[in-house]
Amino acid sequence: MTMTTDTPVVRAHGTEHVEPHVIVRYPPDQRANHWITVIAFFLLATSGLAFFHPAFFPLVLFLGGPQWARVLHPWVGVVMFISFMILAFRLWRDNMWGQGDTQWMKQIGDVVMNRDDRMPAIGKYNPGQKLLFWVLLGAMIVLLLTGIVIWRSIFGIYFSVPVHRVAVLLHSFSAFVLIASIIVHIYAAIWVKGSIRAMVRGTVSYAWAHHHHPLWFRKMTGRHTVADTKHDRPL
Ligand code: HEM
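Since the model is a prediction, treat every value here as computed from it, not as a measurement. (Residues numbered from 1 in each chain as written. Predicted model: local features only at pLDDT ≥ 70, side-chain atom pairs only at ≥ 80, totals over all residues. Heavy atoms only, no water.)

On to the site of the ligand. Inspection of the region around the ligand gives 24 residues, with Arg-25, Tyr-26, His-34, Asn-95 and His-185 positioned closest. Between the ligand and His-34, the relevant distance is 2.9 Å, taken from a nitrogen atom to a side-chain nitrogen or oxygen of the residue. Asn-95 places a polar side-chain atom, nitrogen or oxygen, 2.8 Å from an oxygen atom of the ligand. Elements with a minimum of two residues in the shell around the ligand: helix 1 (28–52), helix 2 (66–91), helix 5 (127–149), helix 7 (161–191) and helix 8 (195–200). With five residues, the single largest contributor to the shell around the ligand is helix 1. Among the residues forming the shell around the ligand, the class breakdown is 17 nonpolar, six polar and one charged. (Near = heavy atom within 4 Å. Polar contact = N/O pair within 3.5 Å; in protein donor to acceptor, adjacent residues only side chain to side chain. Helix = DSSP H or I, 4+ residues; strand = E, 2+ residues; numbered from the N terminus. Nonpolar A, V, L, I, M, F, W, Y, C, P; charged D, E, K, R; others polar.)

Given below as structure tokens:
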């Protein structure tokens, strides 16, 4: 696949850049939003695991020691929830289940074996990413609601002991789901070469977009192939 030097730069969401042959996937505000969520998640996962089992106790150091971890964990939780919700509000439409997504899921074996040519064409996100998005959203909501119930210093007087105990269980369970999902998310981000760049520099190559998200590539560039000059018009 050759890329011509007269290939136009694609500008999206008002983001200006001069690098040719790339498409903007995440403008700076979305990237900042994502990385704030990541930092909050890291602090929450480490302190949460430390509260959960003594084997993880040293992890409280990321929040400044046991007392500070106890005080800050719920507040950082609120930051993560708000930050994630802003991101989710901007991305949910692209994560709606679409035509071909169920078929894509049925052919997950072909994805793992890199037989992408057999798969139905994909838009901005593949069904695996979409599923993960909704699982993350669900886990976030359960974590916030149960987190409020078990936030003793502020809401302690409003909930009975049995309700508190059920909330602790649900909180731990949804944290487990969130951590496991993020491990899959990070693995996929590293596995699909060129994806990390999307969240670090904001752009992806034409080749990456055409290979992994052909419908989105077509929408963003008006091209049918990477080297197609017939539809050579930027959005
Ligand atoms: C070190 C940790 C992480 C890395 C390296 C990472 C990397 C990435 C990358 C590369 C993308 C772009 C994927 C694409 O456009 O195809 C992405 C998207 C995304 N990430 Fe992360 N991420 C991390 C942690 C998190 C965490 C903790 C959350 C939320 C709790 C999160 C939520 C998202 C969401 C919602 C998207 C958009 C995908 C969609 O809407 O389906 N990420 N991430």
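So, next bit.
Mean pLDDT for the chain: 89, with 89% of residues reaching 70 or above. A low-confidence stretch, residues 12–18 stays under pLDDT 50, and its non-local contacts, those more than four residues away or across chains, total 14 contacts. Taken as a whole, residues 231–235 scores under 50 in pLDDT and shows 16 contacts with residues more than four places along the chain or in a different chain. (pLDDT = per-residue confidence, 0-100. Contact = heavy atoms within 4.5 Å.)

What follows concerns the coordination of the iron atom of the ligand. Looking at the iron atom of the ligand, one finds its protein donor set to be His-34 (NE2) and His-185 (NE2), positioned 2.0 Å from the metal centre. For the iron atom of the ligand, the six donor atoms in the first shell make angles of 85 to 179 degrees at the metal, a pattern classed as octahedral. Linking His-34 in helix 1 with His-185 in helix 7, this pair joins segments that are 151 residues apart in sequence. (Donors = N, O, S within 2.8 Å, 3.2 Å for Na, K, Ca; no water. Tetrahedral: all angles 85-135°; square planar, octahedral: opposite > 155°, others 65-115°.)

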